[in-house]
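# Structural overview
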Amino acid sequence: MKEGKMASSFTRILSSKRNVGILSLVGGSVAAGFLLHREHVTAGEPLRRRYPASAEYPDLRKHNNCMASSLTPAIYAKLCDKATPNGYTLDQAIQTGVDNPGHPFIKTVGLVAGDEESYEVFAELLDPVIKERHNGYDPRTMKHPTDLNASKIQSGVFDERYVLSSRVRTGRSIRGLSLPPACTRAERREVERVVVDALSGLKEDLTGKYYSLTLMTEQEQQQLIDDHFLFDKPVSPLLTCAGMARDWPDGRGIWHNNEKTFLIWINEEDHTRVISMEKGGNMKRVFERFCRGLKEVERLIQERGWEFMWNERLGYILTCPSNLGTGLRAGVHVKLPRLSKDPRFSKILDNLRLQKRGTGGVDTAAVGGVFDISNLDRLGQSEVQLVQTVIDGVNYLIECEKRLEKGQDIKVPAPIKQFK
Amino acid sequence: MPFGNTHNNFKLNYKVEEEFPDLSKHNNHMAKVLNKDIYAKLRDKQTPSGYTLDDVIQTGVDNPGHPFIMTVGCVAGDEESYEVFKELLDPIISDRHGGYKPTDKHKTDLNFENLKGGDDLDPNYVLSSRVRTGRSIKGYTLPPHNSRGERRAIEKLAVEALTSLDGEFKGKYYPLKSMTDAEQEQLISDHFLFDKPVSPLLTCAGMARDWPDARGIWHNDDKTFLVWVNEEDHLRVISMQKGGNMREVFRRFCVGLQKIEEIFKKHNHGFMWNEHLGYILTCPSNLGTGLRGGVHVKLPKLSTHPKFEEILTRLRLQKRGTGGVDTASVGGVFDISNADRLGSSEVDQVQLVVDGVKLMVEMEKKLEKGEAIDGMIPAQK
């Protein structure tokens, strides 16, 4: 009965979300009864026991993640009966954090959003988590600036004796469709359709091709592996416990331009992950292509009646709260054999608001003195600001490396301001 | 992961074709049976606790299967799943359990005295004997679906019941989340400790959620009767001992189970059972008796005989390596157990094991002497 009206009810969902009408269903069983008039269900009244919140509250005593730090029994009791309009619940949002107690040194986030409304309906938990994860950014009082004007970038072409490659990535979610932890197969396929359709409209240096994970040939697969473009079914329990690997590989794929400098992952951890990269040190050009590509994709989806999830409190909305704001990680692979051995290295990075990773990405070790250096922050500063921070910071690190080569001393720079 | 009622309603905004899973590369029972008609018919249904069709099939969608091994590809979230999703589950049950019909009745017989023999399997060949089954507690949803509150209530009830046992069944409960290092070491040495499931067949069905909350192991002081709480089923009950006295193992199994069942009944939470499907468990493959009775037996010569597989099939037995399902045998020692679960009773199934293993040991002895065994090959049981 509802199938025939799908298109129109869809538009209604979209327009209501654009107007930021947030519904919050209170009292799960009441809502379920109201929505659930089903003559076909065999048994009578719901048998499911209703346990008090105290009986359902997770045991987080051995846990070290942002969710566990913020989820008090009181907050749990307040939110456990709520659901977003799509039916996503608190228990689902926190499941990954309950199942993955964390590491004494590495504090993971421990929860995910199932849809855009999760950030509103469960704000009482998400706001403190966001504040902790984003170094004090307060979503209740602060606004996030978005700036994709690449022409504002100063310098940004690194010394290629040190910088081997440059890369900028972010994510984008399609408003009106649930996020990877909660999306249905139909929604996921809709995301794929919308994005692939838009990408087919890209031109010139951005002209490219889509490779669906279910349909790619052996040859295409091998090429994508050789190019280091292919992403695999997630194995990290952080992702699988959140339901992001369901129905794999249905609705997943990779798009890249012919020049292999602009790449989009579809339906992995986010609706889309957008990556601009190239060998060498021309970060300015990488960022310029990044901004241009993103704006063009946005224009193309808007032509078809869609838009990205964004608001002025949280910036771009993504699955993991750690990727809110810009969702941006701009980084380089840079040779710093001497500096990396200097005991002041970590402090220098901290003050420059940079982080280091191994060249395999997060949780890998550096090889041959080559580090992946990128911005620490995501939320509270714009894309232009963060990329400038990386550029200025990496230039400083290269200067330090050069000084150490000549036997000169280096200085720890003053800490730069976090929120500009 | 199981989703709540409101989420399933939201899915109904999409057409059947848009939601129907891509099963083109799949080889499991669910994928063989599920088609768009069945999907259309069942997708708006829910059990009273809110378990839906997509919940039932998620594990089968996520695990396409293996060309040689046919997995079930679906689970039940509660007792009512087997009713509400009959149209999907009945054909799967029939496929998996040798043509079992929706109108068939299952016989339960836990009277160990009905077993003939079984106390004289040659210990030179039969190294150990074991019988296991599962039990679900009525009134609670099953591991793929239950909440933390429910799982804890199940644990509490199970521990109450088990710790009230005495005599040969006097024992102790070790909750997974608070056992000491020493206790853990001991349970590992005894081969009793179960781990968080890693098999995607189980994790994709949501059975490892909240681990290790409300999971634990109970065993008697003699270490011959063991119960797992809240692993793949509410309870997994295991009776075992070294050597070939399967009769004694089965006696203890039956007596222990009946004692436990009495206690649960007193609390108004008997075991899930009906006369069509027998004991209700999470995986449709474990319906009926849920019983796997088996031995570790040395059959180095027989196992290399060209008719070994055929003999097993005719005896209605299956072989596994000594590490359990999906492991290889080591040193010619095999785990031999009953293949059937539904449509025959506990006594029937253990009888097949006892008679079949006895025959195979005799065959082994004949082969040791260089004699032929062709005359001993049994007819199909």
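Thresholds applied
Residues numbered from 1 in each chain as written. Chains lettered and ligands numbered in written order. Predicted model: local features only at pLDDT ≥ 70, side-chain atom pairs only at ≥ 80, totals over all residues. Heavy atoms only, no water. Helix = DSSP H or I, 4+ residues; strand = E, 2+ residues; numbered from the N terminus. Buried < 20%, exposed > 50% of the residue type's maximum accessible area, 1.4 Å probe, protein only. Polar contact = N/O pair within 3.5 Å; in protein donor to acceptor, adjacent residues only side chain to side chain. Pairing = 2+ DSSP bridges. Axes fitted to C-alpha atoms, helices over the stretch in contact; angles between N-to-C directions. Contact = heavy atoms within 4.5 Å. Phe/Tyr/Trp six-rings, centres within 6.5 Å; stacked < 30°, edge-to-face > 60°. Salt bridge = Lys/Arg side-chain N within 4 Å of Asp/Glu carboxyl O.

### Quick look at the side chain of Thr 282 of chain B
Residue and element names in this part refer to chain B. Along the chain, the position of Thr 282 falls in the loop between β7 (278-279) and β8 (292-298). The exposure class of Thr 282 is buried, given its relative accessible area of 0%. A polar contact is formed between the side chain of Thr 282 and the backbone oxygen of Glu 232, at a distance of 2.9 Å.

### Structural notes on the sheet that holds strand β9 (residues 354-357) of chain A
All names here are of chain A. Taken in spatial order, the eight strands make up an open sheet running β2-β3-β4-β5-β1-β8-β10-β9, and their pairing is antiparallel. The strands lining the two open edges of the sheet, one partner per strand, are β2 (208-212) and β9. Neighbour-to-neighbour, the strand axes of the sheet open up by a mean angle of 20 degrees, direction not taken into account. As paired strands, β2 and strand β3 (residues 253-257) are joined by five bridges and run antiparallel to one another. Residue pairing in the sheet places Tyr 211 in a bridge with Ile 254 of β3. Contacts between helix α13 (residues 345-352) and the sheet are confined to β9 and β10 (370-375), with β9 contributing the most and set at about 130 degrees to the helix.

### With respect to the packing of aromatic side chains
Residue and element names in this part refer to chain B. Counting across every chain of the model gives 15 aromatic pairs over all chains. Ring plane angle 70 degrees and centroid distance 5.0 Å describe the contact between Phe 169 and Phe 225, whose orientation is recorded as edge-to-face. With Phe 169 in the loop between α8 (148-163) and β2 (171-175) and Phe 225 in strand β4 (residues 225-229), the pair connects residues that are 56 residues apart, well separated along the chain. Judged on exposure class, the residue Phe 169 and its partner Phe 225 are both buried. Here the aromatic rings of Phe 250 and Phe 253 are separated by 6.1 Å at their centres, their planes lie at 20 degrees, and the arrangement is stacked.

### With respect to the side chain of Ser 345 of chain B
Examined against the element boundaries, Ser 345 of chain B turns out to sit in the loop between β10 (333-338) and α13 (346-368). Excluding anything up to four places from it in sequence, Ser 345 of chain B contacts Lys 107, Thr 108, Asp 109 and Thr 289 of chain B.

### Quick look at the pattern of salt bridges
Close approach of charged atoms allows side chains with opposite charge to pair. By the definition in use, this model includes 63 salt bridges over all chains. The residue Glu 87 of chain B makes a salt bridge to Lys 41 of chain B at a minimum N-O spacing of 2.9 Å. Of the two residues, Glu 87 of chain B is situated in helix α7 (residues 86-96) and Lys 41 of chain B in helix α4 (residues 36-42); the sequence distance between them amounts to 46 residues. Residue Glu 87 of chain B is classed as partly exposed on the basis of its relative accessible area of 36%. Here Asp 104 of chain B ties to Lys 101 of chain B by a salt bridge, and the two come within 3.6 Å at their closest N and O atoms. Taken together, the salt bridges that share partners define one network made up of Asp 59 and Arg 61 of chain A together with Arg 152, Lys 177 and Asp 213 of chain B.

Geometric values such as these leave the question of function open.
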